[in-house]
Amino acid sequence: MKIIFATGNEGKMKEIREILADPQVEILSMKEAGITAEIEENGTSFEENAVIKAKAVMELCHEIVLADDSGLEIDYLNKEPGIYSARYMGEDTSYRIKNQNLIDRLEGVPDEERTARFVCVIAAAFPDGEVLTARGTIEGRIGYEEKGENGFGYDPIFYVPEYGCSTAQLSPEVKNQISHRGKALREMKRKLQARKEG
Ligand code: IMP
């Protein structure tokens, strides 16, 4: 079985290969499959955006295509930046600036109101028109300053109470085990296996 994952991000591909690992499944990035596509993410939810991406690439190659959409929801900010996480304050603005801006917007907000979660939705589009989705989340709180050097994006301000540190202070192995993307990928793996077994 061949699966194409609609991402250009090598870090994500590594994580995807580790979690979906199956000797009977060949997992290719868009680049490896020779596909180039600029897809407009104009959905209004993580689910819609992931499905838009997976379907658009499936239409181009007629193989099974997986795509993901993810982001950070901060409860005090009405779930901002949400589906706009990558575009928040502009794609080219550094995360140091984006993270400081979010910390500033929560100035004076007490611990219990700083709740937030990372969300990841993976969609699978099949050549026969079927679509599957899987959602994973991790709950945490927005910290008071950036901490940690691992990870990417909003990790330095995402504090996980159970671990007493930010997701940027976790090793990649531990983050994969508890992260929104790890959970969504494992859920998708279960759904793909169930579909295969009919
Ligand atoms: P996507 O690649 O369109 O799904 O972009 C999701 C955006 O959400 C990223 O660019 C980050 O800003 C944020 N994000 C998603 N997952 C994580 C994570 O695990 N750590 C930090 N930021 C994340």
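Each value, and the rule that gives it
Position labels on residues start from 1 in each chain and follow its written sequence. The model is predicted, so local features are restricted to residues of pLDDT at least 70 and side-chain atom pairs to those at 80 or more, both for listing and for counting; the totals for chains, interfaces and linings are taken over all residues. Excluded from the side-chain calculation are hydrogens and water; included are all heavy atoms of the structure. At least two DSSP bridges between two strands are needed for those strands to be called paired. Comment: elements are numbered from the N terminus, with helices defined as DSSP H or I runs of at least four residues and strands as E runs of at least two. We call a residue near a molecule or strand when any one of its heavy atoms sits within 4 Å of it. Distance and chemistry together define a polar contact, namely a pair of N or O atoms within 3.5 Å, with one atom able to donate a hydrogen and the other to accept it when in protein, and with adjacent residues in sequence counting only for side-chain atoms on both sides. Only the protein chains shown count as covering a residue, and every accessible area follows the Shrake-Rupley method with a 1.4 Å probe. Polar here means any residue other than Ala, Val, Leu, Ile, Met, Phe, Trp, Tyr, Cys and Pro, which are nonpolar, and Asp, Glu, Lys and Arg, which are charged; Gly is therefore polar. Here the aromatic set is Phe, Tyr and Trp, taking the six-membered ring for Trp, and pairing holds for ring centres within 6.5 Å; pairs whose planes are under 30 degrees apart are stacked, those over 60 apart are edge-to-face, and all others are tilted. Accessible area is worked out with a 1.4 Å probe on protein chains only. A residue is then buried under 20% of its type maximum, exposed over 50%, and partly exposed in between. Charges are assigned to positions over rings by a cutoff of 6 Å between ring centre and Lys NZ or Arg CZ, combined with an angular limit of 35 degrees from the ring normal.

Draft legend 1. Here's a closer look at the pairing of strand E1 (residues 2-5). The sheet contact formed by E1 and strand E2 (residues 26-29) spans four bridges and is parallel. Each bridged residue has a counterpart across the sheet, and for Lys2 the counterpart in E2 is Glu26. Across three bridges, E1 lies against strand E3 (residues 64-74) in parallel orientation. If you follow Phe5 over to E3, its bridge partner there is Leu66.

Draft legend 2. Local environment of the site of the ligand. Taken together, 15 residues lie around the ligand, and Lys12, Ser70, Tyr95, Asp155 and Lys175 are the ones closest in. In this structure, Tyr154 approaches the ligand through a main-chain N or O atom, which is 3.2 Å from a nitrogen atom. A distance of 3.0 Å separates a nitrogen atom of the ligand from a polar side-chain atom of His180. Relative to its free-state accessible area of 490 Å², the ligand is covered by the protein chains to the extent of 89%. Looking at the shell around the ligand, the elements with two or more residues in it are E3 and helix H5 (180-196). Here the shell around the ligand takes three residues from E3, the largest share from any one element. Split into classes, the residues belonging to the shell around the ligand amount to five nonpolar, five polar and five charged.

Draft legend 3. A look at the packing of aromatic side chains. On inspection of all chains with the given rule, the structure shows two aromatic pairs. Their ring planes at 35 degrees and their centres at 4.3 Å tell us that Phe118 and Phe158 sit as a pair that is tilted. Taken together, the positions of Phe118 in strand E5 (residues 115-125) and Phe158 in strand E7 (residues 158-160) put the pair 40 residues apart, joining distant regions of the chain. The residues Phe118 and Phe158 share a single accessibility class, namely buried. Just above the ring of Tyr95 sits the side chain of Lys98; from NZ or CZ to the centre is 4.5 Å.

Limitation: the analysis is restricted to geometry and does not speak to function.
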